[in-house]
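Listed here are the chains, written in short residue letters.
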Amino acid sequence: MRILLFLATNLAVMVVAGIVMSLLGVGSTLKANGVDLDLQNLLIICAIFGFAGSLISLFMSKTMAKFSTGTKIIESPRTAHEKWLLDTVAELSNKAGIKMPEVGIFPAQEANAFATGWNRNDALVAVSEGLLSRFRSEEVKAVLAHEIGHVANGDMVTLTLIQGVVNTFVMFFARIIGHTVDRFLNSNNEQNSGYGIAYYLVSFVMEIIFGILASIIVAWFSRLREYRADEAGARLANKDAMISALQRLKQEYELPSSMPDQLTAFGIRGGMKGGLVALMASHPPLDDRINALRQLT
């Protein structure tokens with residue numbers, strides 16, 4: 001079902017691309033003779049549509065996160081617990097040199113937290129009810145420091161830009177291969193112009209293949225930023241508390257996660273995957289993260 005949805009989405013993108021590019025005067029991906037590929041126009045089209053989805057998601061990230069997780073923003077603290085949460089985030093964000101983000105709590109029993117937002121001075125940091133109820137205060141502070149580290153490092157923007165570049169070249173090379181195959185199959189028809197069904201089928205298939213390979217690159221960067229956020233958590237809060245929080249997360253990893261897929265990369269909770277699946281994981285193994293923190297001086 002996901003593959004069918006992927007194909008349908010790409011078909012819609014190609015139709016919309018043709019309409020939008022015509023309105024903008026960019027033109028077709030084919031040269032004037034209707035046969036040869038116009039690489040410049042193709043790259044422009046792929047860049048526009050490669051970045052569009054990522055940028056829209058980035059600008060809507062806080063709204064989407066609140067809606068998909070049921071996060072309740074703490075406007076004014078009603079309890080001592082909420083006041084401590086706000087005061088702690090204020091302290092950490094000030095120490096990190098960023099504007100105070102929105103702070104929220106989302107209803108989930110698994111221990112998790114996430115940060116999102118379109119820039120480091122307009123972010124959202126949220127923690128789960130399960131994390132607040134089971135973690136010690138110093139561990140919660142370390143988790144918050146980890147999320148503040150993501151914000152201060154500009155990870156949301158960087159990941160969006162990387163995804164946009166990856167999307168661009170996935171579309172670009174998939175369509176070059178689709179064009180090449182289509183022209184090869186129609187090489188005996190010199191009068192042929194435009195594309196046949198082979199172009200669309202090959203482009204779709206190659207987008208799937210290149211998309212999987214590209215996801216490995218994005219996941220690799222996502223894993224790197226987790227180490228950097230852990231280091232920030234240790235620096236802003238306390239190294240031992242950061243290690244303790246990750247150890248507690250490791251003890252609870254078997255609990256099912258209610259974090260929506262689109263926010264998984266922004267959560268603190270990491271997977272315990274191995275083998276080929278580990279290449280697609282947004283988080284490194286918790287043991288590796290703990291060992292990296294122990295080596296910090």
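Residues numbered from 1 in each chain as written. Predicted model: local features only at pLDDT ≥ 70, side-chain atom pairs only at ≥ 80, totals over all residues. Heavy atoms only, no water.

The chain is annotated in an unreviewed UniProt entry as Protease HtpX homolog from Proteobacteria bacterium 228. Note on the chain: under the UniProt heading Subcellular location (unreviewed entry), the record states "Cell membrane". (UniProt positions renumbered as here; feature names shortened; annotations may be inferred.)

## Here we look at the overall build of the chain
When you go through the chain residue by residue, the secondary structure sums to ten helices and four strands. Along the chain direction, N to C, the helices and strands of the chain fall in the order α-α-α-β-α-β-β-β-α-α-α-α-α-α. Looking at the chain as a whole, 44% of its 297 residues qualify as buried. (Helix = DSSP H or I, 4+ residues; strand = E, 2+ residues; numbered from the N terminus. Buried < 20%, exposed > 50% of the residue type's maximum accessible area, 1.4 Å probe, protein only.)

## Quick look at the packing of aromatic side chains
Counted by the stated rule, this structure contains six aromatic pairs. Ring plane angle 40 degrees and centroid distance 5.4 Å describe the contact between F106 and F114, whose orientation is recorded as tilted. F114 carries the same exposure label as F106, and that label is buried. Ring plane angle 70 degrees and centroid distance 5.3 Å describe the contact between F172 and F173, whose orientation is recorded as edge-to-face. Looking at F172, the relative accessible area reads 10%, which means it is buried. F173 sits in the partly exposed class, given a relative accessible area of 41%. Ring-pair connections join several aromatic residues into one group, and the members of that group are F169, F172 and F173. (Phe/Tyr/Trp six-rings, centres within 6.5 Å; stacked < 30°, edge-to-face > 60°.)

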